[in-house]
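Examining the three-dimensional arrangement
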Amino acid sequence: MTLTETGTNRPTPTLVSPAMAVEANRARVLQALYDIGPLSRADLARLTGATRATIGAIVLPLIERGLLVEREPAPVAAGGGKPARPLYFSPTSWPIGAVHLRPGRIDTALVSAGGNVLATAHEQFPARTRDAGSVVDAVVRALEAVLPQERDDLVGVGIAVGGMVDTDAGTIVAINLAPGLAGLPLGPLVSERIGLPVFLDLHPRAQALGDRWFGQGRGVGSFASIYTGEAIGVGMVLDGAIHRGPKGSGGEIGHTTVHAGGQQCRCGRHGCWETIATHRWLRSEAGRLGLPAARTMTTGPLARLAAKGHPGAAELFEKYAYNLALGIANLQQILAPGLFILHGDAVFGGEAFRSAIERNVRAALPPHPGSEPRIAFSELQDRATLLGGAGLVLSHSLQLAV
Ligand SMILES: [Zn+2]
């Protein structure tokens, strides 16, 4: 057995060179700004345990390169000394390309390092197409529509895919509703066509990175980001790092069994969480209860029917909250992310739905003082995944912790 063979597949860490130490220190400063910025140089020195001179030497080149800008100084009381000028990311610089690919639709955006969406475009394709090459063409077209002609400053492109992926290879493994894309090496193909580094990941995991860099996950050590609606998926940041599993195989929480012998899922198995916590279940139950517009039912209209006292609506509203809470409580029992940020359709249920889910999650768990799980609805609206695509690039290119 050699020194590097430790009996596990965990690589032995190598020592850092002086140049790498400079990069690591720069990454820590940027991470502090992403977590709790804007911050003054004095704040950064205090938070990172460095001197003002060290912080100055790190931030000056970042200001010169246009990544950071000095904001207007915060007002200080009379006699309070020279006001500090807090630093934050430029709203326009360091653009990053982002792609969200789902069955039949491609959305792209150009996002600044500070999380501003500078341009958007979209393309459509037949979800059942067997011509994967035409989908790559459509991704490239939608990207070309948002990327600037001058690409010297472009950091890269992040692609979020609504299906199973191999994050090491940048390949789509399988998308239930777009079977023709199975095995497509989308990341390398797009990278070759546009001449930029491309990083590919699972949609809810990219969404979690959107929360982590630009949303309610900023500065939060552990949380889960859950997509709701026509499907259910989870991305998790645990103890400061995004959880991927080997080749990005983790996160298929929608297809964990919550009901032995339950309904058949579209993945072919039975009793998956998706079979009781997505639109398909909601619409079938709404039809059984005779609710109006049952075939297109979503959480927003259901909440309005429940508020008006429509017979059966309040019960279905509560049952849907319970079914969502069931999978969330399982996640809390196993990994305790503590904070659950919900995206997609559930958000339209409003505060009544949020509090119903939270109540059901708490009721399903043994009490653990000081660590009660919290349910939050995303404030990023539908931008979270595209922002997360950009976050994916930031994490890699700036060597930040996630
Ligand atoms: Zn399933």
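Here the residue numbering is sequential within each chain, running from 1 through the sequence in written order. With pLDDT at 70 or above as the cut-off, local features in this predicted model cover only qualifying residues; side-chain atom pairs require 80 or more to be listed or tallied, and sums for whole chains, interfaces and linings still use all residues. Hydrogens are left out, water is left out, and the side-chain values use all remaining heavy atoms of the structure.

If you check an unreviewed UniProt entry, the chain appears there as ROK family protein from Micromonospora echinofusca. UniProt positions are given in the numbering used here, feature names are shortened, and annotations may be inferred rather than shown by experiment. Its UniProt record gives the chain the following Sequence similarities (unreviewed entry) comment, quoted word for word: "Belongs to the ROK (NagC/XylR) family."

Glancing now at the overall build of the chain. From N to C terminus, the chain includes eleven helices and 14 strands. Note that the radius of gyration is over C-alpha atoms, with the globule rule given as 2.2 Å times the number of residues to the power 0.38. Relative to its length of 402 residues, the chain is compact, with a C-alpha radius of gyration of 23 Å against a globular reference of 21 Å. Seen along its three principal axes, the alpha-carbon backbone of the chain occupies a region of about 70 × 55 × 55 Å. Out of the 402 residues belonging to the chain, those deemed buried represent 50%. Here, residues are in contact when the closest pair of their heavy atoms is within 4.5 Å. Sequence-distant contacts, at least 24 apart, represent 60% of the contacts inside the chain between residues at least 6 apart. Here the chain contributes 36 positively and 33 negatively charged side chains, and the mean placements of these two sets differ by 4 Å. Here a helix means four or more residues in a row that DSSP labels H or I, a strand means two or more in a row labelled E, and each is numbered from the N terminus. Burial classification: accessible surface area is computed with a 1.4 Å probe over protein chains only, and a residue below 20% of its type maximum counts as buried, one above 50% as exposed, and the rest as partly exposed. Charge counting treats Lys and Arg as positive and Asp and Glu as negative, with His and both chain ends excluded. By convention, the point assigned to a charge is CZ for Arg, NZ for Lys, CD for Glu and CG for Asp.

Another point: the coordination of the zinc ion. Looking at the zinc ion, the protein donor atoms are His255 (ND1), Cys265 (SG), Cys267 (SG) and Cys272 (SG), and they sit 2.0 to 2.3 Å from it. Counted as donors are N, O and S atoms no farther than 2.8 Å from the metal, or 3.2 Å for Na, K and Ca; water is not among the atoms, and sites may therefore look incomplete. Key to geometry: four donors with every angle between 85 and 135 degrees are tetrahedral; four donors are square planar and six octahedral where opposite donors lie over 155 degrees apart and all remaining angles lie between 65 and 115; all other sites are irregular. Between the four donor atoms coordinating the zinc ion, the angles at the centre fall across 105 to 122°, so the site counts as tetrahedral. Summarised as a motif, the one-chain spacing of the donors to the zinc ion is H-x9-C-x1-C-x4-C. Across the pair, Cys267 and Cys265 agree in class, each one buried.

By secondary structure assignment, the location of His100 is in strand E3 (residues 96-102). Dropping the residues within four chain positions of it, His100 is found in contact with Arg105, Ile106, Asp107, Ala160, His203, Thr385 and Leu386.

Spatial strand order, E12-E11-E10-E13-E14: five strands in an open sheet with mixed pairing. Each edge of the open sheet carries a strand with a single partner, namely strand E12 (241-242) and strand E14 (374-377). Two strands pair when backbone bridges link them, and strand E10 (residues 223-228) and strand E13 (residues 339-344) are joined in this way by five bridges, in the parallel orientation. Of the residues in E13, the one forming a bridge with Ile226 is Leu342. Axis angles are defined between N-to-C directions and span 0 to 180 degrees, where every axis is a line fitted to C-alpha atoms and, for a helix, only to the segment in contact. The sheet contacts of helix H6 (residues 203-214) involve E10, strand E11 (233-238), E12 and E13, and relative to E10 the element is tilted by about 125°. A pair of strands is treated as paired once DSSP finds two or more bridges between them.

Further remarks concern the domain arrangement of the chain. Parsing the chain into structural domains produces domain 1 (18-89), domain 2 (96-209 + 385-397) and domain 3 (216-379). On a C-alpha basis, the centroid separation for the pair domain 1 and domain 3 is 39 Å. Boundaries between domains were set according to an automatic or database domain assignment.

The quantity called pLDDT is the predictor's confidence in a given residue, expressed from 0 to 100. When pLDDT is averaged along the chain, the result is 91, and 95% of the positions lie at 70 or above. For the chain, helix H1 (residues 18-36) is the element with the lowest average pLDDT, namely 87, and E14 is the one with the highest, namely 98.

We define a salt bridge as a contact between a side-chain nitrogen of Lys or Arg and a carboxyl oxygen of Asp or Glu at a distance within 4 Å. Tallied over the full model, the rule gives 18 salt bridges. Each of Glu351, Arg354, Glu358, Arg362 and Glu372 takes part in one network of salt bridges that share partners.

Only the six-membered ring of Trp is used, alongside the rings of Phe and Tyr, when aromatic pairs are assigned; centres must lie within 6.5 Å, and planes under 30 degrees apart are stacked while those over 60 apart are edge-to-face, with the rest tilted. If you walk through the whole model with that rule in mind, you get seven aromatic pairs. Centroid distance Tyr34 to Phe214: 6.1 Å. Interplanar angle 75°. Geometry classified as edge-to-face. A residue pair is termed long-range when its members are at least 10 positions apart, and Tyr34 in helix H1 and Phe214 in helix H6 qualify at 180 residues. Here Tyr34 falls in the buried class, since its relative accessible area comes to 0%. Owing to a relative accessible area of 15%, Phe214 belongs among the buried residues under this scheme. Joined through ring pairs, the aromatic side chains of Tyr34, Tyr88, Phe89, Trp213 and Phe214 make up one cluster. Charge-over-ring placement is defined geometrically: NZ (Lys) or CZ (Arg) within 6 Å of the ring centre, and within 35 degrees of the ring normal. A cation sits over an aromatic face here: Arg212 above Trp213, 3.8 Å from the ring centre.

Before going further, it helps to spend a moment on the nonpolar core. Put simply, a nonpolar core is a bunch of buried Ala, Val, Leu, Ile, Met, Phe, Trp, Tyr and Cys residues held in one set by side-chain atoms that sit within 4.5 Å of each other. Residues Leu33, Leu44, Leu67, Leu68 and Phe89 are the most contacted members of the largest nonpolar core, which totals 42 residues. Counting residues per element, this core draws most heavily on helix H11 (residues 384-397), which supplies seven residues. Once residues within four sequence positions are removed from consideration, Leu33 is found in contact with Leu39, Leu44, Leu68, Leu87, Tyr88, Phe89 and Arg218.

A separate point is the sheet that holds strand E9 (residues 198-202). Within a sheet, adjacent strands bond to each other through the backbone by hydrogen bonds, running parallel or antiparallel. On the basis of which strands lie adjacent, the open sheet formed by five strands has the order E5-E4-E3-E6-E9 and mixed pairing. Among the strands making up the open sheet, the edge pair consists of strand E5 (117-124) and E9. Each strand axis lies, on average, 15° off the axis of its neighbour in the sheet, ignoring direction. Where strand E4 (residues 105-111) and E5 come together, seven bridges link them in antiparallel fashion. Note that in E5 the partner of Leu110 across the bridge is Ala119.

An α-helical turn contains 3.6 residues, so a residue and the one three or four places further along point in the same direction. Take the residue count of a helix, subtract one, and multiply by 1.5 Å to get its expected span. The end-to-end C-alpha distance of H6, which contains twelve residues, comes to 16 Å, matching closely the 16 Å that a straight helix rising 1.5 Å per residue would cover. Among the twelve residues in H6, twelve count as buried, and that is most of the element. Every buried residue of H6 is listed here: His203, Pro204, Arg205, Ala206, Gln207, Ala208, Leu209, Gly210, Asp211, Arg212, Trp213 and Phe214.

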